[in-house]
Amino acid sequence: KMATEGGGCCLRPFSCEQGLLSRPDGSAAFLQGDTSVLVGLYGPAEVKVSKELPDRAALEVLLRPKVGLPGVIERSREQLLRRTCEAVVLGVLHPRTAITLVLQVLSDAGSLLSCCLNAACMGMLDAGLPLSSLFCGVTCAIDPNGVIVLDPTTQQEQVSPGVGYQ
Amino acid sequence: MKATPLSNCERRFLLRAIEERKRLDGRQCYDYRNVRISFGADYGCCIVELGKTRVLAQVSCELVPPKPNRPTEGILFFNLELSPMAAPGFEPGRQSELLVKLNRLIERCLRNSRCIDTESLCVVAGEKVWQIRLDLHLLNHDGNIIDAASIAGIVALCHFRRPDVSVQGEEVTVYAPEERDPVPLSIHHMPICVSFAFFQQGTYLLVDPSEREERVMDGLLVIAMNKHREICTIQSSGGIMLVKDQVLRCSKITAVKVAEITELIQKALENDQKVRKEGGKFGFAESIPNQKITAFKMESAAVNTNNVEEQAEEIITKADPPSEVFAKPILHTPGTAQIGEGIENSWGDLEESEREEAAEEESESEAAAFECQTVETEDTSTMKETKKDEPIVLSDSEEEEVVILEPQELPRKTRTQTNLKQENTSKKAFTKRRRKKRAAY
């Protein structure tokens, strides 16, 4: 019943699908094992005067969990995603506009943040935003024996003393 | 983000098409779009696609103390969220009217119909009951959110399994899924909403309106029914007057549709259960096509091409021979050529008749004038205006003064056309209202 686990330096089977949603400018679903995230992107679009930046596009990231209201963890992940995307998107080509990324967690079975990062990258590609480079995310965990495990599942994350994101 | 407004042309087009009994996607007025149900890896998680409208549903449960006035009943909690990715107009944290209306409908459909047996959710009377929480997220808005949401909701509730519980005296043991198989919820019946959009003062209806049709409809009727032909909820909004036999007809249509959809749901649930039991692969990963990253899912529609050949020949024999072909292009400068002479511009009489219109329309035609550099050779309307000589001054302009550019300052390519067009473009270029020129050069 359990999904295949990535042991050692092996990642779970992952797949991606672009262009699923008709309304957003770009959309992508990224699946890593049983973890999946759907991203919808609008941009560059009209921006509220309070949020506009005179020399570049204003990037906003919204991460929605599946159950319940977004909390502190979602906010911190949103900031991380926003910083990553801002470093890559050529915002100076679209000043005074807004780029909005909305991520929806479809299922969470470990390594959620790296799945979000990968989904965001694929979504920006699908939307055709100008990017200076591509990025991706990998989660590593150290299991109780001190062995590094890549792309851990929820169980592996819970028993590990430390989890890092790259 | 701002919602894109619907242009008047689109509105007129849609209403005319509906008057002629045509829908944009080619459906008949009683046709539903395709419903696709896919399940996730967890129990109680599903995505329902109604055409392009997509809704994600997740059911979760928790042990909580019961409500004081109902100590032996479990608690149900429903929440529908319009994700900002579903449409540009949906902003986070703004409680719009639409959201309140949809949430209320879902509550009435699922809670007031008593489709879930809440007594069976009681663990210890007065102390611990199960709280079942249903979260619905709208992922893509292409019309008829309520139908998709109600299908997703009931499918997720039927699919969900809660942990098994045993009570020994005062001790409550909750078994993990590995120890004992989780237990499904006890569901009496499956209420499903069907929406009807009304046009032409309530005389004409369409089932399952798409997003464009929803924007131009007069009113909406939603009927929630189960397969035993019991109406669970009925709501009419938009302020239209509905005749009694309209409502009865709608309820008959609903009965048919609900029967079809319920059958589809049963089949999907059975398939998923079979796959899980046999140990096969399940989850969202299975609904993605292999070896392909982009999913331009255009459902193919069968087109009848039997008579195409004959019709083409008929058309050719009946048609007039094409007008004289100008074979010689005149080269003005490198990169600019002209074929034939233009016909008189008939935009002048448009301005005369629509003087009261806003200035935006004029600026649009100016942009079009700049873009049409090549001369049109097809037949336009036969009205010929003789206003070539005077510039048309718009008396309803809000500007104090209108500066008329010298015609020589404009690109010379439009010289061979009528002066009328040139004068139109010249005076509009300096309208103070416009901050940036629409010209493409």
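Residues numbered from 1 in each chain as written. Chains lettered and ligands numbered in written order. Predicted model: local features only at pLDDT ≥ 70, side-chain atom pairs only at ≥ 80, totals over all residues. Heavy atoms only, no water.

Chemist: Help me out: how do you make sense of the overall build of chain B in this one?
Modeler: Along the backbone of chain B there are nine helices and 16 strands. Residues counted as buried form 43% of the 441 residues belonging to chain B. Residue pairs at least 24 apart in sequence account for 72% of intrachain contacts in chain B once pairs closer than 6 positions are excluded. About 25,800 Å² of surface is accessible on chain B, with carbon and sulfur atoms providing 51% of the total. (Helix = DSSP H or I, 4+ residues; strand = E, 2+ residues; numbered from the N terminus. Buried < 20%, exposed > 50% of the residue type's maximum accessible area, 1.4 Å probe, protein only. Contact = heavy atoms within 4.5 Å. Areas by Shrake-Rupley, 256 points an atom, 1.4 Å probe, with all protein chains shown as cover.)

Chemist: Is there a simple way to think about the UniProt feature "domain: Exoribonuclease phosphorolytic" (unreviewed entry) in chain A in this case?
Modeler: UniProt feature "domain: Exoribonuclease phosphorolytic" (unreviewed entry): in the numbering of this structure it lies at residues 11–130 of chain A. The span residues 11–130 of chain A is 28% helical and 33% strand by assignment, and the distance between its end C-alpha atoms comes to 29 Å. (UniProt positions renumbered as here; feature names shortened; annotations may be inferred.)

Chemist: What am I meant to see in the nonpolar core here?
Modeler: Most often, soluble globular proteins keep nonpolar side chains buried together rather than apart. If you look at the biggest cluster of nonpolar residues, it comprises 70 residues, and the most contacted ones within it are Leu-110, Leu-134, Leu-136, Ile-154, Leu-157, Phe-196 and Ile-265 of chain B. Val-39, Leu-101, Cys-116 and Phe-135 of chain A belong to the second largest nonpolar core, which has 31 residues in total. (Core = buried A, V, L, I, M, F, W, Y, C linked by side-chain atoms within 4.5 Å.)

Chemist: How should the UniProt feature "domain: Exoribonuclease phosphorolytic" (unreviewed entry) in chain B be read in this particular structure?
Modeler: Sites flagged by UniProt as "domain: Exoribonuclease phosphorolytic" (unreviewed entry) map to residues 32–163 and 189–253 of chain B. End-to-end, the C-alpha atoms of residues 189–253 of chain B are 19 Å apart, and along that stretch the chain is 25% helix and 40% strand.

Chemist: Help me understand the side chain of Thr-53 of chain B in this model?
Modeler: Residue and element names in this part refer to chain B. Relative to the helices and strands, Thr-53 is located in strand 3 (residues 53–64). By relative accessible area, Thr-53 is classed as buried at 0%. Within the structure, Thr-53 has its side chain in polar contact with the backbone nitrogen of Asp-142 (distance 3.1 Å). A polar side-chain atom of Thr-53 sits 2.8 Å from the main-chain carbonyl oxygen of Gly-143. (Polar contact = N/O pair within 3.5 Å; in protein donor to acceptor, adjacent residues only side chain to side chain.)

Chemist: Help me understand the confidence of the model for chain A, please; the structure alone is not making it clear to me.
Modeler: Reading fine detail from the predicted coordinates is not recommended where pLDDT is low. Of the residues in chain A, 92% have a pLDDT of 70 or more, and the chain-wide mean is 86. Every residue in residues 1–6 of chain A scores below 50 in pLDDT, and together they form 13 contacts with partners more than four places removed in sequence or on other chains. (pLDDT = per-residue confidence, 0-100.)

Chemist: So what exactly am I meant to see when it comes to the state of the cysteines here?
Modeler: By definition, a disulfide links the sulfur atoms of two cysteine residues through a covalent bond. Residues and elements named next belong to chain B. This structure, assessed with the given rule, holds zero disulfides over all chains. Between Cys-122, a free cysteine, and Cys-61, which holds the nearest cysteine sulfur, the sulfur-to-sulfur gap is 15 Å. A residue is classified by how much of its surface remains accessible, and Cys-122, at 23% relative accessible area, is partly exposed. (Disulfide = S-S within 2.5 Å.)

Chemist: Is there a simple way to think about the environment of Asn-79 of chain B in this case?
Modeler: Residue and element names in this part refer to chain B. Here Asn-79 is to be found in strand 4 (residues 75–82). For Asn-79, a relative accessible area of 17% gives the class buried. Ignoring sequence-local partners within four residues, the contact set of Asn-79 consists of Asn-103, Arg-133, Leu-134, Asp-135 and Leu-136.

Chemist: How should the pattern of salt bridges be read in this particular structure?
Modeler: Here the idea is simple: oppositely charged side chains can pair when their charged atoms come close. The tally for this structure, following the rule as stated, stands at 25 salt bridges over all chains. Salt-bridge contacts for Arg-27 of chain B lead to Asp-208 of chain B; the nearest nitrogen and oxygen are separated by 3.3 Å. Taken as a pair, Arg-27 of chain B in the loop between helix 1 (8–19) and strand 1 (35–39) and Asp-208 of chain B in the loop between strand 12 (204–207) and helix 4 (211–216) lie far apart in primary sequence, 181 residues in all. For the pair Arg-27 of chain B and Asp-208 of chain B, a shared accessibility class is recorded, and that class is buried. Through salt bridges with shared partners, a single ionic network connects Arg-23 of chain A together with Glu-10, Glu-211, Arg-212 and Arg-215 of chain B. (Salt bridge = Lys/Arg side-chain N within 4 Å of Asp/Glu carboxyl O.)

Chemist: Would you take a moment to explain the sheet that holds strand 3 (residues 35–45) of chain A for this structure?
Modeler: Hydrogen bonding along the main chain pairs the strands of a sheet, whether they run parallel or antiparallel. All names here are of chain A. Across the sheet, five strands lie side by side as 1-2-3-5-4; this open sheet has mixed pairing. Two strands lie at the open edges of the sheet, namely strand 1 (14–18) and strand 4 (58–64), each paired on one side alone. Strand-to-strand twist across the sheet, computed as the mean angle between neighbouring axes with direction ignored, equals 15 degrees. Pairing between strand 3 and strand 5 (residues 98–107): eight bridges, direction antiparallel. (Pairing = 2+ DSSP bridges. Axes fitted to C-alpha atoms, helices over the stretch in contact; angles between N-to-C directions.)

Chemist: For this particular structure, what's the right way to read the interface of chain A and chain B?
Modeler: Accessible area lost when the parts come together is the quantity often used to give the size of an interface. Listed per partner, the contact involves 35 residues of chain A and 38 residues of chain B. Counting each side, the surface lost to burial between chain A and chain B is near 3,100 Å², with a carbon and sulfur contribution of 59%. On the chain A side of the contact with chain B, Glu-17, Arg-23 and Lys-66 of chain A bury the most area, a combined 21% of that side's loss. On the surface where chain A and chain B come into contact, there are four salt bridges. Between Glu-91 of chain B and Lys-48 of chain A there is a salt bridge whose closest N-O contact spans 3.6 Å. At the boundary of chain A with chain B, the tally comes to ten residue pairs in polar contact (both at pLDDT 80 or more). Of all the secondary-structure elements, those providing two or more residues to the side of chain A that touches chain B are strand 1, strand 3, strand 4 and strand 5 of chain A. When residues of the side of chain A that touches chain B are assigned to their parent elements, the largest contribution, seven residues, is made by strand 5 of chain A. A class-by-class count of the residues in the side of chain A that touches chain B yields 17 nonpolar, ten polar and eight charged. (Buried area = accessible area lost by both parts, 1.4 Å probe. Nonpolar A, V, L, I, M, F, W, Y, C, P; charged D, E, K, R; others polar.)

Chemist: Looking at this structure, I do not really get helix 5 (residues 244–277) of chain B. What am I missing?
Modeler: Because each turn of an α-helix spans 3.6 residues, side chains separated by three or four positions end up pointing in the same direction. For helix 5 of chain B, built from 34 residues, the straight-helix expectation of 50 Å at 1.5 Å per residue is met to within 8% by its first-to-last C-alpha distance of 49 Å. At the exit of helix 5 of chain B stands Gly-279 of chain B, carrying a positive phi of roughly 80 degrees. (Expected span 1.5 Å × (residues − 1).)

Chemist: How should I be thinking about the sheet that holds strand 14 (residues 231–237) of chain B in this particular structure?
Modeler: Residues and elements named next belong to chain B. One open sheet accounts for four strands, arranged 12-11-13-14; its pairing is antiparallel. Two strands in the sheet have a free side with no partner beyond their single neighbour: strand 12 and strand 14. In this sheet, adjacent strand axes meet at a mean angle of 20 degrees when their direction is disregarded. One ladder, built from seven bridges, connects strand 11 (residues 192–199) with strand 13 (residues 219–225); its direction is antiparallel. Along strand 13, the bridge assignment pairs Cys-193 with Ala-224. Packed on one face of the sheet, helix 3 (residues 145–159) meets strand 11 and strand 13 and runs near 175 degrees to strand 11. Across the sheet, helix 5 touches strand 11, strand 12, strand 13 and strand 14, and the angle it forms with strand 11 is around 140 degrees.

Chemist: I would appreciate a short explanation of unusual backbone geometry in the present structure.
Modeler: For residues besides glycine, phi is generally negative; the peptide bonds are generally trans as well. Gly-43 of chain A connects to Pro-44 of chain A through a cis peptide bond whose omega is -15 degrees. Structurally, Pro-44 of chain A is set in strand 3. Of note, Arg-96 of chain A is a non-glycine position whose phi angle comes to about 60 degrees, a positive value. With respect to the secondary-structure elements, Arg-96 of chain A resides in the loop between helix 1 (72–88) and strand 5. The phi angle at Arg-229 of chain B is positive, at roughly 65 degrees, despite the residue not being glycine. Positionally, Arg-229 of chain B belongs in the loop between strand 13 and strand 14. The class for Arg-229 of chain B is exposed, based on a relative accessible area of 58%.

Chemist: Sorry if this is basic, but what is going on with helix 1 of chain A here?
Modeler: Residue and element names in this part refer to chain A. Counted at 1.5 Å a residue, the expected span for helix 1 with its 17 residues is 24 Å, and the 25 Å between its end C-alpha atoms agrees. All buried positions along helix 1 are accounted for by Glu-74, Arg-77, Glu-78, Leu-81, Cys-85 and Val-88. Down the axis of helix 1, the sector holding all buried residues measures 105 degrees, keeping them to one side. Away from its buried face, by an angle of more than 90 degrees, helix 1 presents the exposed residues Val-72, Arg-83 and Ala-87. (Arc of directions from axis to C-beta.)

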